[in-house]
Amino acid sequence: METIRFDVAAGVATITLDRPQQKNAINGAMTGELAEAVATVRDDDNIRALVITGAAGAFCAGGDIKAMLANRDDPAARQARMRFHHRWLEQLVHLDKPVIAAVDGAAFGAGFGLALAADLVIASTRAKFSMAFMKIGLVPDFGALYTLPRIVGLQRAKEIIYSARTVAADEAVSLGIALEAVEAEALPDRVRAIATSLAAASPTAFMLSKRALNVSQLNDFRTMLDMELTSQSVAFATPEHGDAVDAFLDKRPPAFEWPARED
C-alpha cells in the first residue's frame, strides 16, 4: 500500500494514514486502500479491534484539494467518487468490532468526519478539529451531517459547521467529540491499551451492543426493549459469558477490564 500502513498485532489492526507531506489528506489512492483495509478487518475473525491514526503528527487534513480538481468539471465523476467513499465508510460505521480513532494534530474536513465514524475518539492535547467545508464552499461529507449533530446536538453542530472554526482538544472532550485528551507522547500507548482491552471482550456482546446503539436514536423505547431482550438471550448463551461468570465465582481476574488512565 502506498498511502496507508496496515498492521495487525495481538488481534488489533492499525490503519495509519501515511501522506505526511500532505498532512495525510485523502486522495483517490487512499480511498481505495482504506476500502481494502476496512474489508480486511470486517472479514478476518482474528482481528478483534481497529485503530485509525495518522502519521507524522497529523490525523487527516481532509480531502486533497488537488485531487478534487481533477473532477472539477465532471459532476458524474464526483458523485461516483463519493458513492465509493460511502460504501466503505458505511462498512466502517457498522463494523461489528470496536473502532478507535487516535487523533493527533489536525482532523479537518473529511478527516473530522472519518474520526467521528469511530466508536471512540482519543485525542492528543494538540489535536484540532474543524468542519472546514464552508471555507471552500462545500457541504460536510464523510457522514458528518449524520454523526456530528448526534454527538454534540443540532444547534452546536450548526455552529461548528457554519463557522468552520477550529475546536481544540479540551473543547472536543467537553462536547463529546473526543472521549479523552492525553499528551501526544502518551497517545499511542493509551489507544493501544483501550483497543487491547476491547479486543478481549466478548465479540458477540460487543457486536450486539454496537448494533443496538447504532439504531437507538432511530427507534422508540419499546423497540429497544425488544432488541435488548433478543440480544441478551443470545449473549447469555455465549462461552464468553460462561467463562466470565466462572471467573467471578472463582475470584479470578476477568478477561475484559477497561484500562485505567495512568495520569
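In the annotation of an unreviewed UniProt entry, the protein is listed under the name Enoyl-CoA hydratase and assigned to Salinisphaera orenii YIM 95161. UniProt annotates the protein under Sequence similarities (unreviewed entry) with the comment "Belongs to the enoyl-CoA hydratase/isomerase family."

A. Quick peek at the domain arrangement of the protein. For the protein, the domain assignment lists domain 1 (4–199) and domain 2 (202–250). Between the C-alpha centres of domain 1 and domain 2 the distance comes to 27 Å. In this complex, domain 1 contributes 12 residues to the contact, which on the side of domain 2 involves eight residues. Among the residues domain 1 hides against domain 2, the three largest losses belong to Arg 48, Asp 96 and Arg 150. Together they make up 53% of the total. Viewed at the interface, domain 2 and domain 1 are joined by two salt bridges. Asp 96 is paired through a salt bridge with Arg 211; the nearest N and O atoms lie 2.6 Å apart. Applying the counting rule to domain 1 against domain 2 returns five residue pairs in polar contact (both at pLDDT 80 or more). Looking at the side of domain 1 that touches domain 2, the elements with two or more residues in it are helix 3 (75–93) and helix 5 (144–152). Among the residues making up the side of domain 1 that touches domain 2, the classes are represented as six nonpolar, one polar and five charged.

B. The arrangement of helix 8 (residues 187–199) in detail. The end-to-end C-alpha distance of helix 8 is 18 Å, a good match for the 18 Å that 13 residues give at a rise of 1.5 Å each. Looking at helix 8, one finds that the buried residues are Leu 187, Arg 190, Val 191, Ile 194, Ala 195, Ser 197, Leu 198 and Ala 199. Those residues of helix 8 that are buried lie in contact with strand 2 (12–17), strand 3 (49–54), strand 4 (99–103), strand 6 (120–124) and strand 9 (180–182).

C. Quick peek at the pairing of strand 1 (residues 4–9). As paired elements, strand 1 and strand 2 share six bridges and run antiparallel to each other. Bridge pairing links Phe 6 to Ile 15 in strand 2. Joining the antiparallel neighbours strand 1 and strand 2 is a turn of two residues, in which Ala 10 adopts a positive phi near 55 degrees.

D. Representation of the sheet that holds strand 2 in the model. The six strands are arranged 1-2-3-4-6-9 in an open sheet whose pairing can be described as mixed. Lying at the two open borders of the sheet, with one neighbouring strand each, are strand 1 and strand 9. Ignoring which end each strand starts from, the neighbouring axes of this sheet average 20 degrees apart. One ladder, built from three bridges, connects strand 3 with strand 4; its direction is parallel. Note on strand 4: the bridge partner recorded for Val 51 is Ile 100. Running over the sheet, helix 8 touches strand 1, strand 2, strand 3, strand 4, strand 6 and strand 9 and is turned about 160 degrees from strand 6.

E. Main features of the side chain of Glu 33. One can find Glu 33 in helix 1 (residues 28–43). Of the polar contacts made by the side chain of Glu 33, one reaches the backbone nitrogen of Ile 4; its length is 3.2 Å. Setting aside residues no more than four positions away along its own chain, Glu 33 makes contact with Met 1, Glu 2, Thr 3 and Ile 4.

F. The arrangement of the sheet that holds strand 5 (residues 106–108) in detail. Taken in spatial order, the three strands make up an open sheet running 5-7-8, and their pairing is mixed. Lying at the two open borders of the sheet, with one neighbouring strand each, are strand 5 and strand 8 (166–168). Taking the axes of each pair of neighbouring strands and ignoring which way they run, one obtains an average angle of 20 degrees across the sheet. Direction of pairing for strand 7 (residues 128–130) relative to strand 8: antiparallel, over a ladder of three bridges. Following the sheet pairing, Lys 128 is matched in strand 8 by Ala 168.

G. A look at the pairing of strand 4. Along strand 4, five of the five residues are buried, which leaves the element largely enclosed by surrounding structure. Side chains Val 99, Ala 101 and Val 103 of strand 4 all project onto a buried face; the interleaved residues Ile 100 and Ala 102 project onto the opposite face, where all are buried too. Note that strand 4 and strand 6 share four bridges and pair parallel. From the neighbouring strand, Val 103 faces strand 6, where its bridge partner is Ala 123.

H. A look at the packing of helix 9 (residues 203–215) against helix 10 (residues 221–236). For the pair helix 9 and helix 10, the least separation of the axes is 10 Å and the interaxial angle reads 170 degrees. Taken as axis vectors, helix 9 and helix 10 run roughly antiparallel relative to one another. Here Thr 204, Leu 208, Ala 212 and Val 215 of helix 9 come into contact with helix 10, specifically with Met 224, Met 227, Ser 231, Val 234 and Ala 235. By residue class, the composition of the contact of helix 9 with helix 10 is seven nonpolar, two polar and no charged.

Rules of the game
- Think of each chain on its own: its residues are numbered from 1, step by step along the sequence as written.
- Predicted model: local features are reported for residues with pLDDT of at least 70 only, side-chain atom pairs are reported and counted for 80 or more only, and whole-chain, interface and lining totals are derived from all residues.
- Based on all heavy atoms of the structure, the side-chain values leave hydrogens and waters out of the count.
- UniProt positions are given in the numbering used here, feature names are shortened, and annotations may be inferred rather than shown by experiment.
- The domain boundaries here were taken from an automatic or database domain assignment.
- Whether two residues are in contact is decided by their heavy atoms, any of which lying within 4.5 Å being enough.
- The term buried area refers to how much accessible surface (probe radius 1.4 Å) is lost by two components on association, counted for both of them together.
- The rule for a salt bridge is simple: a side-chain nitrogen of Lys or Arg has to be within 4 Å of a carboxyl oxygen of Asp or Glu.
- N or O atoms within 3.5 Å of each other form a polar contact, as long as, within protein, one can give a hydrogen and the other can take it, and as long as residues adjacent in sequence are counted only when both atoms are side-chain atoms.
- A run of H or I in DSSP counts as a helix once it spans at least four residues, and a run of E counts as a strand once it spans at least two, with each numbered from the N terminus.
- Three categories are distinguished: nonpolar for Ala, Val, Leu, Ile, Met, Phe, Trp, Tyr, Cys and Pro, charged for Asp, Glu, Lys and Arg, and polar for the others, with Gly belonging to the last.
- Multiplying 1.5 Å by the helix residue count minus one yields the expected span of that helix.
- Only protein chains enter the area calculation, which uses a 1.4 Å probe; residues under 20% of their type maximum are buried, those over 50% are exposed, and those in between are partly exposed.
- In this description, strands pair whenever DSSP reports at least two bridges between them.
- Between the N-to-C directions of two axes lies an angle of 0 to 180 degrees, each axis being a line fitted to C-alpha atoms and, for a helix, fitted only over the stretch in contact.
- By definition in this entry, angles of less than 35 degrees are roughly parallel, angles greater than 145 are roughly antiparallel, angles of 65 to 115 are roughly perpendicular, and the rest are oblique.

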